[in-house]
Amino acid sequence: LAKQGMRGGLLWFSPSMSSASRQRLSLLNDLELAIGGNQLTVHYQPQIELQTGQVIAVEALVRWPLPDGQLIPPDQFIPLAEQSGLIIELGEWLLDTVCKQIATWRDQGLGGLRVAINVSMVQFNHDGLIDLLAEALRRYLIPPELIEVEITESVAMRKPEDVIARIDQLKRLGVQVAIDDFGTGFSSLAYLQRLKADRLKIDRAFIRDMGTGETSIAEMVINLGHKLGIRVLAEGVEFPAQAAILRSLGCDEAQGYLYAKPAPAELLTLWLQETGQSIDNDQPPSSISP
Ligand code: C2E
Ligand code: MG
Ligand code: MG
Ligand code: MG
């Protein structure tokens, strides 16, 4: 337990633990204000079909801009939002923002672009998830197949029967489902078959390993996905050599700095218009700088 005392008239907590929890509380406070005040922002990163160079989708990635223009990355506040329950409010805000953006792209002649959203464990288990999605789709007249829900392999492995039931609900609604960071968990093959996911996203770690000639995990995931009728996307593709190997292994799609960094919607819209939603496989466009 933290020691408490008075110093200079202020309530004073002794070092480390108490100051960490005070910081946590203040961060949580700020985050709640940021969500309520519509201060969070979403960046979007394209996903490319490897054989054709077509941009088939974008992934929505949340950021928290500070007054000085600095962006706090999600890894620094999503876990906190998750622990405090604020993630539900954040998720509602994100879904509304994403659906509004899909409607804007439709009006700009960029209809048909799917958006993948990340859903954490608390959100995935939350009873309101399906209604929330259905309502947002209705509000902006968005075809359900333009939304993909990403859950990490570790979330997917939690309670098999519950996860299978929830994915069935999502599929009935018509949204797509991707298993994120795939290869870092230990899904059984039989279980994976029952999940009925649309897409496996090979974790960035295995794409990084390709630089040292280690391609066996990526190859295994690609073959596994295809045996089960699931498309496979490689995360974190940074170099043309990785893209070339992935193409030769028959990987369906890729996402990474090689093509574009996550960027604000307006910047991505320009990029999509310039590229005609299609990139040259041998000469990817220079990356969007964040
Ligand atoms: P993720 O879903 O696996 O997202 C991929 C992460 O890899 C993103 O980091 C992206 O910016 C980064 N990335 C993409 N291409 C490359 C590359 O070529 N090289 C490298 N080194 N990195 C690349 P980001 O945006 O910092 O997001 C981190 C994680 O935060 C995400 O991992 C996701 O799990 C979570 N997250 C992001 N947005 C949301 C959200 O709206 N809700 C929830 N629940 N989680 C979110
Ligand atoms: Mg993701
Ligand atoms: Mg991932
Ligand atoms: Mg991740």
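Let me sum up the structure you'll find in this document. (Residues numbered from 1 in each chain as written. Chains lettered and ligands numbered in written order. Predicted model: local features only at pLDDT ≥ 70, side-chain atom pairs only at ≥ 80, totals over all residues. Heavy atoms only, no water.)

## Examining the site of ligand 1
Formally: Nearness is judged by heavy atoms alone; a residue qualifies as near a molecule or strand once a single heavy atom is within 4 Å of it. For this analysis, a polar contact is any N or O atom pair within 3.5 Å, provided that within protein one partner can donate a hydrogen and the other can accept it, and provided that sequence-adjacent residues contribute only side-chain to side-chain pairs. Here, Shrake-Rupley sampling with a 1.4 Å probe gives the accessible areas, and only protein chains in the shown set may cover a residue.
Close contacts around ligand 1 come from 24 residues, with R63, N118, R204, E238 and Y257 the closest. Within the side chain of R204, an N or O atom sits 2.8 Å from an oxygen atom of ligand 1. Y257 is positioned with one of its backbone polar atoms (N or O) 2.8 Å from an oxygen atom of ligand 1. Considered on its own, ligand 1 offers 810 Å² of accessible surface; in the complex 86% of this is hidden by protein.

## Notes on unusual backbone geometry
Among all residues except glycine, the phi angle is most often negative; among peptide bonds, the trans geometry is most common. Heads up, the rule is: Put simply, DSSP marks the helices as runs of H or I at least four residues long and the strands as runs of E at least two long, and each gets a number from the N terminus on. Relative accessible area decides the class of each residue, using a 1.4 Å probe on protein chains only: under 20% of the type maximum gives buried, over 50% gives exposed, and in between gives partly exposed.
Backbone geometry at N38 places phi at a positive 60°, although glycine is not the residue there. With respect to the element layout, N38 can be found in the loop between α1 (15-36) and β3 (41-49). Using a relative accessible area of 53% as the deciding quantity, one classes N38 as exposed. Although it is not a glycine, K196 sits at a positive phi angle of roughly 55°. Inspection of the secondary structure puts K196 in the loop between α8 (189-195) and β9 (199-202).

## Brief notes about the coordination of the magnesium ion (ligand 2)
Heads up, the rule is: Metal-coordinating donors are taken as N, O and S atoms lying within 2.8 Å of the metal, or within 3.2 Å when the metal is Na, K or Ca; because water is left out, some sites can appear incomplete.
Surrounding the magnesium ion (ligand 2) are the protein donor atoms E59 (OE), N118 (OD1), E150 (OE) and D180 (OD), which sit 2.0 to 2.2 Å from the metal. One chain supplies every donor for the magnesium ion (ligand 2), spaced along it as E-x58-N-x31-E-x29-D. Between the magnesium ion (ligand 2) and the magnesium ion (ligand 3) the interatomic distance comes to 4.2 Å, and D180 is a ligand of both metals. Note that E59 is positioned in strand β4 (residues 55-65) and D180 in strand β8 (residues 176-182), a separation of 121 residues in sequence. Relative accessible area serves as the criterion here: at 6%, D180 is assigned to the buried category.

Function cannot be read off these values alone, since they describe shape.
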